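Analysis of the macromolecular model
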Amino acid sequence: MENLTGKTVILGITGGIAAYKMANVASALHKAGAKVHVIMTENAAKFITPLTFETLTGSKCMIDTFDRDFQFDVRHISVAKEADVILIAPATANVIAKMAHGIADDMLTTVVLAAKCKKLVSPSMNTAMLENPVTQDNIALLRNYGFTIIDSASGYLACGDTGSGKLPEPEVLCRWIEREIAYPDRPLQGKKVVVTAGPTQEALDPVRYLTNHSTGKMGYAIARDAMLRGAEVTLVSGPVSLEPVPFVKVRRVTSAADMFAAIREELPGIADGVRQVVLGQRRLRKRRVDQIIRGRVHALQKDLRLKLVVRPQVTDPGVDQLQPVHVLLKLRVFIVPEDQLAHIPDELRVQFVGDLFEVEFGHVAPLMIISSPISRGSFRPGPFGLFRS
């Protein structure tokens, strides 16, 4: 999860059995640096105690609108103004109906009505209650009023039924919150980003292939970062063992030809005036077998000669349809010692604190990223290679 220091999140918890899952959400947000306020309905407190959330967040859990906490402010208004995002989960049919019709008869619904920030609602209830036309109309009303509805998961419910109405896992809820507040100004809103990641496999015979050791981690990190900045992202991925990037369209490919075809399919049909970015990592197989062997190569065969032919690079600026409308950035990351940075030409140097997506659109050129390693601390993948966790 991104560093959420300086962000304020309100978790609205209502009276559903899935309320216990919200302890993990509160804990994860607090660890990410966010200031977390938990507001519970009276019924929610019957499923999980307020003390649990107070221990996990370090903030008092709010239930009663008229609680005398000796703070000289109108609490439901001050909290509403402070929030960057509100997540109501689990959202029962009762609370959904209240919010849809502007009823504010407890602390949670009062804060929701007073808040101007983004509001996320995750319905959680019995399948029949969720599918009831009245509930569906209320959900539609919330969408019309600007609420974001997180679709319920399907599975075995506490009541014994199997179907929709299950609260998504805490990791999923945290991703929705992160998406909303990581970059609230959405610098890439309205732009389409196509990212290639991972290796490609060129068939040798029906069971063998040529490939490389690419993990796809950089491409996946770039796709995630572009998504958080508001872009519409398509990730063209070779065979990797990574979790899919949330809120990103993923196209699975095998060979370089498949990757090239997928990119070409993503480029046409873009409306006039819409900018598009192609982020390509040059990890594709540069050569392929001229003719795939029809049968399996026998293990006892002593001599095997392969004719390899050069294939065009998917991110080659000469490939048609990539200029001049699209931006092409070829990423090559170099980690160099601090004492050697002075010997790197200025035109090839991008400082570690730089922003990949602030490169001027319309500039088509290789991008060399030079950054100095940090000797201590743990690291995580990021658009510029490694970032301190």
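Everything below is about the structure printed above this text.
As the structure is a prediction and not an experimental result, all values here were calculated from the model. (Residues numbered from 1 in each chain as written. Predicted model: local features only at pLDDT ≥ 70, side-chain atom pairs only at ≥ 80, totals over all residues. Heavy atoms only, no water.)

Regarding the nonpolar core
- The biggest cluster of nonpolar side chains holds 31 residues, and the ones touching the most others in it are Leu-11, Met-22, Leu-29, Phe-53, Leu-87 and Ile-177.
- Contributions of two or more residues to this core are made by β1 (8-13), α1 (22-31), β2 (35-40), β3 (85-91) and α8 (170-181).
- Among the nonpolar cores identified, the runner-up in size contains 27 residues, and Ile-10, Ile-39, Ile-96 and Phe-147 belong to it. (Core = buried A, V, L, I, M, F, W, Y, C linked by side-chain atoms within 4.5 Å. Buried < 20%, exposed > 50% of the residue type's maximum accessible area, 1.4 Å probe, protein only. Helix = DSSP H or I, 4+ residues; strand = E, 2+ residues; numbered from the N terminus.)

Here we look at the pattern of salt bridges
- Applying the stated criterion across every chain, the model contains eight salt bridges.
- Residue Lys-21 pairs with Glu-169 through a salt bridge whose shortest N-O separation is 3.2 Å. Here the residue Lys-21 occupies a position in the loop between β1 and α1, and Glu-169 occupies one in the loop between β7 (162-166) and α8, the gap between them amounting to 148 residues.
- By relative accessible area, which is 8% here, Lys-21 ends up buried.
- In this structure, Asp-105 and Lys-98 form a salt bridge, with 3.1 Å as the shortest nitrogen-oxygen distance. (Salt bridge = Lys/Arg side-chain N within 4 Å of Asp/Glu carboxyl O.)

Focus: the sheet that holds β3
- Taken in spatial order, the five strands of this open sheet run β2-β1-β3-β4-β5, and their pairing is parallel. Single-partner strands in this sheet number two, and they are β2 and β5 (148-149).
- Across two bridges, strand β4 (residues 118-123) lies against β5 in parallel orientation. Within β5, the residue paired with Val-121 across the bridge is Ile-149.
- Of the strands in this sheet, β1, β2 and β3 are in contact with α1, which crosses β1 at around 175 degrees. (Pairing = 2+ DSSP bridges. Contact = heavy atoms within 4.5 Å. Axes fitted to C-alpha atoms, helices over the stretch in contact; angles between N-to-C directions.)

Considering the packing of aromatic side chains
- Using the criterion set out here, one finds one aromatic pair in the structure.
- A centroid spacing of 4.8 Å and a plane angle of 80 degrees characterise the contact between Trp-176 and Phe-247, whose relative ring orientation is edge-to-face. Taken as a pair, Trp-176 in helix α8 and Phe-247 in the loop between β11 (232-237) and β12 (249-252) lie far apart in primary sequence, 71 residues in all.
- For Phe-247, a relative accessible area of 29% gives the class partly exposed.
- Here Arg-179 stacks its cationic end above the ring of Trp-176, 5.8 Å away from the centre of that ring.
- The lysine or arginine in question, Arg-179, covers the ring of Phe-247, its NZ or CZ lying 4.3 Å from the ring centre. (Phe/Tyr/Trp six-rings, centres within 6.5 Å; stacked < 30°, edge-to-face > 60°. Lys NZ or Arg CZ within 6 Å of the ring centre and 35° of its normal.)

Remember, this is a structural readout, not a statement about activity or role.
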